[in-house]
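Chain by chain, the residues:
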Amino acid sequence: MARNYNKRNGAKGTTEVINYSPAGALFHWVDPVASGCVLVLGLSLLICLAMYSIISIVSNILLLAVLGGVGCKVYVHMMGFLKKPCKDPLAQLALVDLTCTEECIAPTIDSLVSFYNCASSQLRSLLLGEDLYASVKFGLVLYLTTILGGIFNAITLMAVGWVMAFIL
């Protein structure tokens, strides 16, 4: 929940409470620490994708996670060996339920299937020229996309879009 201090039309001191979705709260910088972390992590992932292969990135991230887990366990055992009170920092993560049921997946699959059906029928309509005006507009957008693709790399465009999502 964020406050919008609206000072237009002589309304000094009035506040308007805005309820954001979780993604909206990130993009509107309601919590600057969380928004900054998401921005930096996403941008660093996109920069890594521009420089290295996806297999290398995934394996290095998983290797870092394994080393972090082993390091935490060694730390806890070392503190126990030194007779200093310490609790496992990963104990809360061990309690997280990662199972997925059919009731959890079914709505997502249904929405994906309906999106695919809608997109495929629209694409067929555009490619076969059923609506000539819409097909010409689609062709113009594709042509402009080829020009943009000749200038920029797709990862570069995603990085610019990611930063713009947090700026605008």
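Reference entry: report on the structure contained in this document. (Residues numbered from 1 in each chain as written. Predicted model: local features only at pLDDT ≥ 70, side-chain atom pairs only at ≥ 80, totals over all residues. Heavy atoms only, no water.)

Side note on the overall build of the protein
Along the protein, the regular secondary structure elements total 7 helices and 2 strands. For the protein, the N- to C-terminal ordering of α and β elements is β-β-α-α-α-α-α-α-α. Relative to its 168 residues, the protein shows a buried fraction of 10%. (Helix = DSSP H or I, 4+ residues; strand = E, 2+ residues; numbered from the N terminus. Buried < 20%, exposed > 50% of the residue type's maximum accessible area, 1.4 Å probe, protein only.)

Observations regarding the packing of aromatic side chains
Evaluated as defined, the whole model comprises 4 aromatic pairs. For the pair phenylalanine 27 and tryptophan 162, a centre-to-centre distance of 6.4 Å together with 80 degrees between the ring planes defines the contact as edge-to-face. Here phenylalanine 27 is found in helix H1 (residues 22–27), whereas its partner tryptophan 162 is found in helix H7 (residues 154–167), with 135 residues between them in sequence. Classification of phenylalanine 27 by relative accessible area gives partly exposed; the value is 30%. Among the aromatic residues, those joined into a ring-pair cluster are Phe27, Trp29, Trp162 and Phe166. (Phe/Tyr/Trp six-rings, centres within 6.5 Å; stacked < 30°, edge-to-face > 60°.)

Considerations on the layout of surface pockets
Quantified by volume, the largest pocket comes out at close to 210 Å³. Secondary-structure elements contributing two or more residues to the lining of the largest pocket are helix H2 (32–51) and helix H3 (54–81). Residue contributions to the lining of the largest pocket peak at 6 residues, all from H3. The residue makeup of the lining of the largest pocket, split by class, is 8 nonpolar, 3 polar and no charged. (1 Å grid on protein atoms, 1.4 Å probe; cavity = no way out; pocket = protein on both sides within 12 Å on 5 of 7 lines; lining within 4 Å. Points joined across faces, edges and corners; volume = space filled by probe spheres on them. Nonpolar A, V, L, I, M, F, W, Y, C, P; charged D, E, K, R; others polar.)

Things to note about the packing of helix H5 (residues 102–128) against helix H6 (residues 132–151)
At a minimum axis separation of 8 Å, H5 and H6 run at an interaxial angle of 95 degrees. Relative to H6, H5 is oriented roughly perpendicular. Listed contacts from H6 to Leu123, Ser125, Leu126 and Leu127 of H5 are Ala134, Ser135 and Phe138. Looking at the contact of H5 with H6 residue by residue, the class counts come to 5 nonpolar, 2 polar and no charged. (Axes fitted to C-alpha atoms, helices over the stretch in contact; angles between N-to-C directions. Parallel < 35°, antiparallel > 145°, perpendicular 65-115°, else oblique. Contact = heavy atoms within 4.5 Å.)

A few points about the side chain of serine 35
In this fold, serine 35 is placed in helix H2. Polar side-chain contacts of serine 35 include one of 2.6 Å to the backbone oxygen of leucine 26. Not counting residues within four places of it along the chain, the set of residues in contact with serine 35 comprises Ala25, Leu26, Trp29, Val30 and Phe166. (Polar contact = N/O pair within 3.5 Å; in protein donor to acceptor, adjacent residues only side chain to side chain.)

What about H7?
For H7, spanning 14 residues, the distance from its first C-alpha to its last is 20 Å, which sits close to the expected 20 Å at 1.5 Å a residue. When we look at burial in H7, the residues that qualify are Ile155, Ala159 and Phe166. Angular distribution of buried residues about the axis of H7 spans 45 degrees; they occupy a single face of the element. (Expected span 1.5 Å × (residues − 1). Arc of directions from axis to C-beta.)

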